[in-house]
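Below, each chain spelled out in residue letters.
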Amino acid sequence: MTKLHQPPAGEPVSADFQILINGEPVGAYVARVSAMPFNRVWPGHQRPLDQTELASFVSFSMDEPTRVRLVPRKTFEEAAIRPLSKDIAPTISGGVIEFTIETPGQYTVELDGTHHALHLFANPVTDFGVDPGADNVLYFGAGAHDAGPIELTSGQVLFIDEGAVVRTAVTARDAANIRIVGAGILDNSWEERDEQGQTHSGCLRLFNCANVEVNGIVFRDSVVWTATVFNCDNVIFDNVKTIGMWRYNADGIDFVNSANGIVKNSFLRNFDDLIVLKGLKGHDTRNVENIRVANCVLWCDWGRCLEIGAETCADEYRNILFEDCDLIHGAMAFMDFQNGDRARVHDVVFDNIRVEYSRHTETPVFQHADSQVYVPSAPHLPHLFFACVFHSMWSRDNLYGENHDIRFRNIHVRLDDGLSMPPSEFTGANAAHRTHHITIDGLYVNGRRITDIAGLNLTTNEFAHDIRLT
């Protein structure tokens, strides 16, 4: 069975593609995304729309192989379907692209680079087990809804059904046993920051909550960090999609001084950092621990894909696992530790991570004035591995931390033809605050195992040591 999620009346529909799924036409939603890696330090500037463009996405549910037929409105020379690890080889004839999706997941179709891409959200067929008429359920059925801010309390369920677009900003404080589920869209495009950066919540903010499930939802166009978890325990994101995050500071999912968190089976495309583990003053009586990120597809337009920091106000970060993820686009760094405060960061594992480097990736640039214009420059090679101990504009502890016992295992890098080995960097701050005991166990570049540290294109300083490549 394949079930299409059609856009509701009044929702803009993309004109970039004609799309048939198993022979049935489906309309594509639109999302505003970054058109260039051009960033500016807040506060006081809204990002101009001429730095953005529209992308397309479709959502459907499937439990069988599904045939996709696309007719792009523009001519093209090459079509890439990512993640490349899925080995989807399209047939192209007369400007028509056809291919089969064998399993649920998230996929992108990119024509001659990243601009105006199509995103395919192939959801598993899911029964969320929710009675829309129950007293504890806030239900939104198919259609467009201007809900305004929603604050959830213990035991409540927010159910955004397929075909629903709900313009809202969701918060919960000191609550437990909350669910936010459904195959619809939670849209935050209506929110704006003032010149001091004040907001409501972005798409989702949780404070001091426990036992929270976020499942199936599409988050679109957050005004700031998309989904943020402050001092929470046991929060699970499953099959969540973030797209349309074109604005400054539009992170994906941020765990702030939280424990026992999971992000799995999800897709994130954000302008700023994607999945981030932070420690912030005011929340730093708790450590960041027992976090797992698994089976995710990640596209970062400016910042970092999988990140610790840069704010690390906590005593410890520990027992953190990133596994079985496809990093299909990056800008600054793919796997990143920016230890800017006092935390001792240790027992972190990256396992079976697949990283894609494209010759179309453009160089990130900071904008310093309104008159400055972005000048495209490609190819750019983001850092593969990056770990440092430092102080920055985001540091608040006035203390240095430490990074140790970090393992990268079964890392597979795919480089476009003509690209060289990407850079990596490990540094410490001083003799007492180091980056050390780093193991890289199985690094493969275009299928060839790298066994010599000299082949890593690695930069270090005197406060980084015990780095092993096996």
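These figures come from a predicted structure and were not determined experimentally.

Let's hear about empty space enclosed by the protein: which residues, and what values?
Tallying each qualifying case throughout the model produces 2 cavities of 30 Å³ or more. The wall of the largest cavity is formed by 17 residues, among which Pro-37, Thr-114, Trp-299, Asp-301 and Glu-362 lie closest to the centre. For the lining of the largest cavity, the per-class residue count stands at 6 nonpolar, 7 polar and 4 charged. Lining the second largest cavity are His-5, Tyr-29, Phe-57, Ser-59, Gly-163, Ala-164, Ala-183, Gly-184, Ile-185 and Val-218. Of the residues in the lining of the second largest cavity, the class split is 6 nonpolar, 4 polar and no charged.

Could you give an account of the sheet that holds strand 9 (residues 91–93), with specific residues and numbers?
As summarised here, the arrangement of the 5 strands in space is 3-2-7-10-9, forming an open sheet in which the pairing is antiparallel. Of all strands in the sheet, those bounded by a partner on one side alone are strand 3 (24–25) and strand 9. Note: strand 9 against strand 10 (residues 96–101), 3 bridges, orientation antiparallel. Each bridged residue has a counterpart across the sheet, and for Thr-91 the counterpart in strand 10 is Glu-98.

Pulling in residues and values, what's your account of the side chain of Ser-56?
Here Ser-56 is to be found in strand 6 (residues 52–62). Judged by relative accessible area, Ser-56 falls into the buried class, the value being 0%. Look past the residues within four positions of Ser-56 in its chain and what remains in contact with it is Ser-14, Asp-16, Phe-17, Ala-28, Tyr-29, Ala-117, Leu-118 and His-119.

About the criteria used
Residues numbered from 1 in each chain as written. Predicted model: local features only at pLDDT ≥ 70, side-chain atom pairs only at ≥ 80, totals over all residues. Heavy atoms only, no water. 1 Å grid on protein atoms, 1.4 Å probe; cavity = no way out; pocket = protein on both sides within 12 Å on 5 of 7 lines; lining within 4 Å. Points joined across faces, edges and corners; volume = space filled by probe spheres on them. Nonpolar A, V, L, I, M, F, W, Y, C, P; charged D, E, K, R; others polar. Pairing = 2+ DSSP bridges. Helix = DSSP H or I, 4+ residues; strand = E, 2+ residues; numbered from the N terminus. Buried < 20%, exposed > 50% of the residue type's maximum accessible area, 1.4 Å probe, protein only. Contact = heavy atoms within 4.5 Å.

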